[in-house]
Amino acid sequence: MFLSSRNITKTSQQGAFMSSKTLKAYRSRLRDALQESFQRKALDNFTTAYRQGREKNFSGIDLPQLVETISALKDDASGRLMELLADFREAAQAKGVQVHLAGTAREANDLVERIASENGCSRVVKSKSMTAEEIHLNDHLENAGLEVVETDLGEWIIQLREEGPSHMVMPAIHLSRDEVSRLFTQVTGREQDKDIENLVKVARRELRQRFADADMGITGANFALADTGSLGIVSNEGNARLVSTLPKVHVAIAGLDKLIPGMEEALTILRGLPRNATGQAITSYVSWITGATECQANEDGRKVIHVIFLDNGRRALAEDPLFSQALRCVRCGACANVCPVYRLVGGHQYGYIYIGAIGLVLTYFMHGRDKDRDLIQNCLNCQACREVCIAGIDLPRLISGVRAAITEQEGRPWINSTASALLTHRKLFHSCLKAARFAQKPATRQGYLRHLPLALLGDIGNKELPALAAQPFRNRYRKEAYADALPAPRYTVAVFSGCLQDFVYPEQLMAGLDILQQENVAVHFPKEQGCCGLPLDMLGEPGAAAEVAAHNLSALDPADYDYILVFCASCGSHLKNYPRLLGSGSGISAKARQFADRVIDFSSFLDRVLEYQPQGGESARTAYHAPCHLCRGMEVRETPRSLLHKAGLEYVPNQEEETCCGLGGTYSVKFPEISREIIDKKLELWRGHDVEQVVTDCPGCILQIRGSAKMRGDTFRVVHTAEVLGETSLK
Ligand code: SF4
Ligand code: SF4
């Protein structure tokens, strides 16, 4: 990733220090955002309605195919931006449109100002444009003495409030009708009621005259068609049509990434864009502008049209093997719609200009690392954004790439160096755990750490923390019983234990091994294996993560086993990433592929490979929590639920089953206030459903759910699928 070190000077420890100071301030803003009850309710309601609308409107469409097509066509376009620009320029200029390329935000702003001055414009109306937001165009024009009025209802409201958008598609989603009616009362000088229809009428009345008076209209563009030199603008309010037609001058500002070959590609994107953005089948208006039309206000009787393409780092981004994906973005905003963090704190705290997962990435490239340093930490790696992205962008991977770049540029915080030093030296790490096991004894009661001073725990003291197990799995595993005792096994597998199950929850693995023994599966446990490396990847330490991966490949040769079995979804999904981490050029890439191919989660192994039929046990009201790294990371969804059903348990579904539990590895330590809110919502739902147990497939989720439930006095138990199946099947 050559962009990662562009124009950056190392500030080493100073950077790390600055980071912790600004992170504190950011966390304080997050806490304030959590108090905004209207915003939270609005985002909650929207999230639910969005999921349903999206599902309904994509039914009958081959979504994976559509994602693949959009991703391929956007990649093709970003691979030849300058060629498409040349074609666009030729076609548009032939139809009387002037085309410009602005290298930077400053150049783009100056161009608009110059066009206004050359054409004697002083009153500007604007329709919604994220590119204009990106360059802070309004501020620039207002400083130059022009009057600028936003005409999209949401944008107008936030302009009056002097704030930025809180969503890329619905900029004022954070505001209640009360707040809008108070604002409109102030603006009009007349008391306005809270009726939404009335508020819309007020806006229409106020804006109508502005349209009539304006001499320049500024729009963005969703598409720039290279073959015809046409612009495509998608909107829900129709204001973009008035902005682009009424004033004598029209300026369209578009990122270079809006260039595509032609209408066919635009229509393909349009099949996905509104459905993914707001869960609606189509927007109210899609406008196509080709060439300068008649305009009596200008001397030559033709409309003045300028199209400004903005580079602002896009050409460099297009060259980057990893981050070029970001240019596929069609600005649908869906990666915010599904993000559990955005849902809690809204766009003002979850983006700079661009919001949501893509905002975390673009902020770094377009607005600099100072604006992104803390923001980029605020991600649970839940992968909901990757799954929903209509352009197939691997957003979590880009987020961890930016994090790694910032770490590289600023120097590593102590937590990174400590984690890297420990996890890349298995023996040292395991010796530390052994020492900790003895040291914790006085503070341990019934499997939990007790009496830890609050000063030590700080904000993370919102859940009970498990103690290290008296005996780790590696000491409990007996090869003679689980492998040698089976002379003609159906399968020979290696178990990858992961740190949490090895040292904290060995009983989960033991329960699974007992089932496998009964099913005549030989289970080996190569003891040289270490941590899977996911925590390092999340900390932005890809080098150390790759070192750990290489170590595990040497400890566990995939050729020796039919499968590599995981009981931890996070480990499993990370092990599947080994080929990417180790790279295609490395000597062990073939082995890494074989390793990844053989990794399988416990439920899938039972159900798909062994065709396991659990014995029916006692029925209990059972909720399921789908770990992010299982349902999205490994794309295993129905299997665990089906096993619970076959085991005779009363499965109690709920709509938030696939929402992250809020742990996110070190996330819950960095952002405990967000982590707590996320898990509290889930606990509340389970309480409401009167469940007796919550079953899941990831020890990390168990740590978060069980510890939080215990601290809040919940009585339901929290167990791993292997444990619950073991109880019903092995009586
Ligand atoms: S990254 Fe994907 S989901 Fe997010 S706004 Fe862009 S296209 Fe939409
Ligand atoms: S991975 Fe999850 S938490 Fe992170 S940006 Fe994506 S949706 Fe949000």
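Note that the structure is predicted; figures quoted are calculated from it, not measured. (Residues numbered from 1 in each chain as written. Chains lettered and ligands numbered in written order. Predicted model: local features only at pLDDT ≥ 70, side-chain atom pairs only at ≥ 80, totals over all residues.)

## Remarks on the overall build of the protein
Counting secondary structure elements, the protein contains 38 helices and 20 strands. In terms of C-alpha radius of gyration, the protein reaches 28 Å, essentially the compact-globule figure of 27 Å for 731 residues. Residues classed as buried in the protein amount to 49% of the 731 residues present. When contacts within the protein are restricted to residue pairs at least 6 apart in sequence, long-range pairs at least 24 apart make up 78% of them. (Helix = DSSP H or I, 4+ residues; strand = E, 2+ residues; numbered from the N terminus. Rg over C-alpha atoms; globule rule 2.2 N^0.38 Å. Buried ≥ 20, exposed ≤ 12 C-beta atoms within 10 Å, placed from the backbone. Contact = placed C-beta atoms within 7 Å.)

## A closer look at the sheet that holds strand E5 (residues 223-225)
The strand order across the open sheet formed by four strands is E8-E5-E6-E9, and the pairing between neighbours is mixed. Taken across any chain shown, the strands that pair with only one partner, and hence form the sheet edges, are strand E8 (259-260) and strand E9 (285-289). Where E5 lies against strand E6 (residues 230-235), three bridges are found, and the strand directions are antiparallel. Following the sheet pairing, Ala224 is matched in E6 by Leu231. Against the sheet, helix H12 (residues 263-278) contacts E5, E6, E8 and E9, and its axis sits at roughly 160 degrees relative to E5. (Pairing = 2+ DSSP bridges. Axes fitted to C-alpha atoms, helices over the stretch in contact; angles between N-to-C directions.)

## Considering the nonpolar core
Residues Val307, Ala326, Cys335, Val361, Leu395, Ile564 and Leu565 are the most contacted members of the largest nonpolar core, which totals 203 residues. If you tally residues by element for this core, the top one is helix H16 (residues 356-367), at eight residues. Contact partners of Leu565, with chain neighbours within four places excluded, come to Val493, Ala494, Val495, Phe496, Ile600, Phe602 and Phe605. Counting residues in hydrophobic clusters, the runner-up holds seven residues, among them Trp156, Ile157, Ile158 and Phe184. (Core = buried A, V, L, I, M, F, W, Y, C linked by C-beta atoms within 7 Å.)

## Examining the sheet that holds strand E13 (residues 491-496)
The strand order across the open sheet built from four strands is E14-E13-E15-E16, with neighbouring strands paired in parallel fashion. Strands at the two margins of the open sheet, each flanked by one partner only, are strand E14 (521-524) and strand E16 (599-601). The sheet shows a mean angle of 40 degrees between the axes of neighbouring strands, taken without regard to direction. Bridge analysis of strand E15 (residues 563-566) against E16 gives three bridges, and the strand direction is parallel. Considered in E16, the bridge of Ile564 is made with Val599.

## Brief notes about the environment of Gln98
As for its position among the elements, Gln98 is in strand E1 (residues 97-102). Each C-alpha atom of the pair Gln98 and Glu133 lies 22 Å from the other, and the pair is 35 residues apart in sequence.

## A few points about the site of ligand 1
With respect to spatial proximity, 15 residues lie near ligand 1, and among them Cys329, Cys332, Cys335, Ile358 and Cys389 are the closest. Elements that contribute at least two residues to the shell around ligand 1 include exactly helix H14 (334-337) and H16. Per-element accounting of the shell around ligand 1 gives the leading share, three residues, to H16. Tallied by class, residues from the shell around ligand 1 come to twelve nonpolar, two polar and one charged. (Near = placed C-beta within 6 Å. Nonpolar A, V, L, I, M, F, W, Y, C, P; charged D, E, K, R; others polar.)

## Points about helix H4 (residues 81-93)
With 13 residues, H4 extends 18 Å between its outermost C-alpha atoms, agreeing within 8% with the 18 Å of an ideal straight helix rising 1.5 Å per residue. Here H4 has its buried residues at Leu81, Leu84, Phe88 and Ala92. Down the axis of H4, the buried set is contained in an arc of 65 degrees. They therefore lie on one face. Check the buried side of H4 and you find it contacts helix H3 (63-78), E1, E5, E8, strand E10 (304-310) and helix H13 (314-319). (Expected span 1.5 Å × (residues − 1). Arc of directions from axis to C-beta.)

## Points about the site of ligand 2
Not every one of the 14 residues close to ligand 2 is listed here, only the nearest: Cys339, Ala357, Cys379, Cys382 and Cys385. Contributing elements (two or more residues each) for the shell around ligand 2: helix H15 (340-345), helix H18 (384-388) and helix H19 (395-410). Across the shell around ligand 2, the residue classes break down as twelve nonpolar, two polar and no charged.

## Considerations on the domain arrangement of the protein
Per the domain assignment, the segments making up the protein are domain 1 (448-609) and domain 2 (621-729). With 36 residues of domain 1 in contact, the opposing surface of domain 2 contributes 35 residues. Looking at the side of domain 1 that touches domain 2, its residues break down into 17 nonpolar, ten polar and nine charged. (Domains from an automatic or database assignment.)

## Quick look at the packing of helix H9 (residues 177-188) against helix H10 (residues 196-213)
Packing of H9 against H10 leaves a shortest axis separation of 11 Å and a crossing angle of 35 degrees. Note that H9 runs across H10; the crossing there is left-handed. Every residue of H10 that contacts H9 at Arg177, Val180, Ser181, Phe184 and Thr188 is listed here: Ile196, Leu199, Val202 and Glu206. Looking at the contact of H9 with H10 residue by residue, the class counts come to five nonpolar, two polar and two charged. (Left-handed = near helix turned anticlockwise from the far one by under 90°.)

## Considerations on the pairing of strand E4 (residues 216-219)
Residues Met216 and Ile218 line one face of E4 and the alternating positions Gly217 and Thr219 line the opposite face, and both faces are buried. As paired strands, strand E2 (residues 123-126) and E4 are joined by three bridges and run parallel to one another. Paired with Lys126 across the bridge in E4 is Ile218. Two strands pair when backbone bridges link them, and E4 and strand E7 (residues 249-255) are joined in this way by four bridges, in the parallel orientation. Within E7, the residue paired with Gly217 across the bridge is His250.

## Section: H19
Spanning 16 residues, H19 covers 22 Å between terminal C-alpha atoms, matching the ideal 22 Å at 1.5 Å per step. With 13 of 16 residues buried, H19 lies mostly within the body of the structure. Two residues or fewer after H19 comes Gly411, characterised by a positive phi angle close to 95 degrees.

## Remarks on the environment of Gly313
Of note, Gly313 is situated in the loop between E10 and H13. Judged by local crowding, Gly313 falls into the buried class, with 21 C-beta atoms found within 10 Å. Distance from Gly313 to Gly255, taken between C-alpha atoms, is 10.0 Å for residues 58 residues apart in sequence. Apart from the residues lying within four places of it in its own chain, the contact partners of Gly313 are Phe365 and Met366.

## Things to note about the environment of Ala596
Along the chain, Ala596 turns up in helix H31 (residues 589-598). Its 20 C-beta neighbours within 10 Å are what place Ala596 among the buried residues. Once the C-alpha coordinates of Ala596 and Pro579 are considered, the two residues, 17 residues apart in sequence, prove to be 7.2 Å apart. In this view, Ala596 contacts Leu575, Lys576, Tyr578 and Pro579; residues no more than four positions away in its chain are not counted.

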